[in-house]
Amino acid sequence: TPSTLLPAEDVTMSAKSDTEVLHDRWVIEVADQTGADLTIDLGAPWGFDATRTSQIEIVLHGEFNTSLDATTNKTADGDMMLVLSVGDEYFAQLVRLDDQKHAFKECPGKDSTLISRNVQEMISAPFPDRYYR
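Residues numbered from 1 in each chain as written. Predicted model: local features only at pLDDT ≥ 70, side-chain atom pairs only at ≥ 80, totals over all residues. Heavy atoms only, no water.

Looking at the overall build of the protein chain
1) Next: A tally of helices and strands in the protein chain yields 1 helix and 8 strands.
2) Next: Listed N to C, the secondary structure of the protein chain is β-β-β-β-β-β-β-β-α in terms of helices and strands.
3) Next: Expressed as a percentage of its 133 residues, the buried residues of the protein chain come to 15%.
4) Next: Considering only intrachain contacts with a sequence separation of at least 6, the fraction spanning at least 24 residues in the protein chain is 41%.
5) Next: By element, 53% of the accessible surface of the protein chain is carried by carbon and sulfur atoms, the whole surface being about 10700 Å². (Helix = DSSP H or I, 4+ residues; strand = E, 2+ residues; numbered from the N terminus. Buried < 20%, exposed > 50% of the residue type's maximum accessible area, 1.4 Å probe, protein only. Contact = heavy atoms within 4.5 Å. Areas by Shrake-Rupley, 256 points an atom, 1.4 Å probe, with all protein chains shown as cover.)

The structure is reproduced here in structure tokens:
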């Protein structure tokens, strides 16, 4: 675990086998669309209140390779998808890190109820691409 990750009680992190720590940084090379590349599990003390507004802040510092692909003459496709779930209810937020037209996508949409689905099964599915799950 990079030393930049402050230790916190009842928080666990796991990464796919193609994710490594290099020079005190997580290096995530997305090899396929199956599963989560990096998972952070927060235990019961991190729960949200059922009736009051709750918030969690995630601060990420990183880089994205914006060089042109010689065969396509396009920059690499770089998206970050955050899936926040409690049991099998979740919402997801996609943030584009590249020069695509849309800055983000949310699921479900604003003012909609959480989606109820087997989250682990959805994340682990080999298709469709993560964007469409």
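Some details on the pairing of strand S2 (residues 19-22)
The side chains of a regular strand alternate, first on one face of the sheet and then on the other.
1) Next: Here 4 bridges tie S2 to strand S3 (residues 25-28), and the two strands are oriented antiparallel to one another. In the strand pairing of S3, Val21 is matched with Trp26.
2) Next: The turn linking S2 back onto S3 is made up of 2 residues, and His23 within it adopts a positive phi angle of 50°. (Pairing = 2+ DSSP bridges.)

Some points on the confidence of the model for the protein chain
1) Next: Across the protein chain, the average pLDDT comes to 76, with 75% of residues at 70 or higher.
2) Next: Put simply, strand S7 (residues 104-107) is where the protein chain has its lowest mean pLDDT, 75, and strand S8 (residues 115-116) is where it has its highest, 86. (pLDDT = per-residue confidence, 0-100.)

Here we look at the nonpolar core
1) Next: Tyr90, Ala92, Ile115, Val119, Met122 and Ile123 form the largest nonpolar core, which has 6 residues in total.
2) Next: Going through the elements one at a time, strand S6 (89-96) and helix H1 (119-124) are the ones with two or more residues in this core.
3) Next: In terms of residue count, the dominant contributor to this core is H1 (3 residues). (Core = buried A, V, L, I, M, F, W, Y, C linked by side-chain atoms within 4.5 Å.)

With respect to the environment of Ser85
1) Next: On the secondary structure map, Ser85 appears in strand S5 (residues 79-86).
2) Next: On the accessibility criterion, Ser85 (38% relative accessible area) is partly exposed.
3) Next: Along the chain, Ser85 and Leu114 lie 29 residues apart, while their C-alpha atoms are 9.1 Å from each other.

So, the pairing of S6
1) Next: The side-chain alternation of S6 yields one buried face, formed by Tyr90, Ala92, Leu94 and Arg96, and one unburied face, formed by Glu89, Phe91, Gln93 and Val95.
2) Next: Note: S5 against S6, 8 bridges, orientation antiparallel. Across the sheet, residue Val86 finds its bridge partner in S6, namely Glu89.
3) Next: The turn linking S5 back onto S6 is made up of 2 residues, and Gly87 within it adopts a positive phi angle of 60°.

Focus on unusual backbone geometry
The phi torsion of most residues other than glycine is negative, and most of the peptide bonds are trans.
1) Next: Non-glycine residue Asp10 carries a positive phi angle of around 60°.
2) Next: In this structure, Asp10 sits in the segment before strand S1 (11-15).
3) Next: Look at Asp10 and you get partly exposed, because its relative accessible area is 40%.
4) Next: For Asp111, which is not glycine, the phi torsion reads 65° and is therefore positive.
5) Next: The class for Asp111 is exposed, based on a relative accessible area of 74%.

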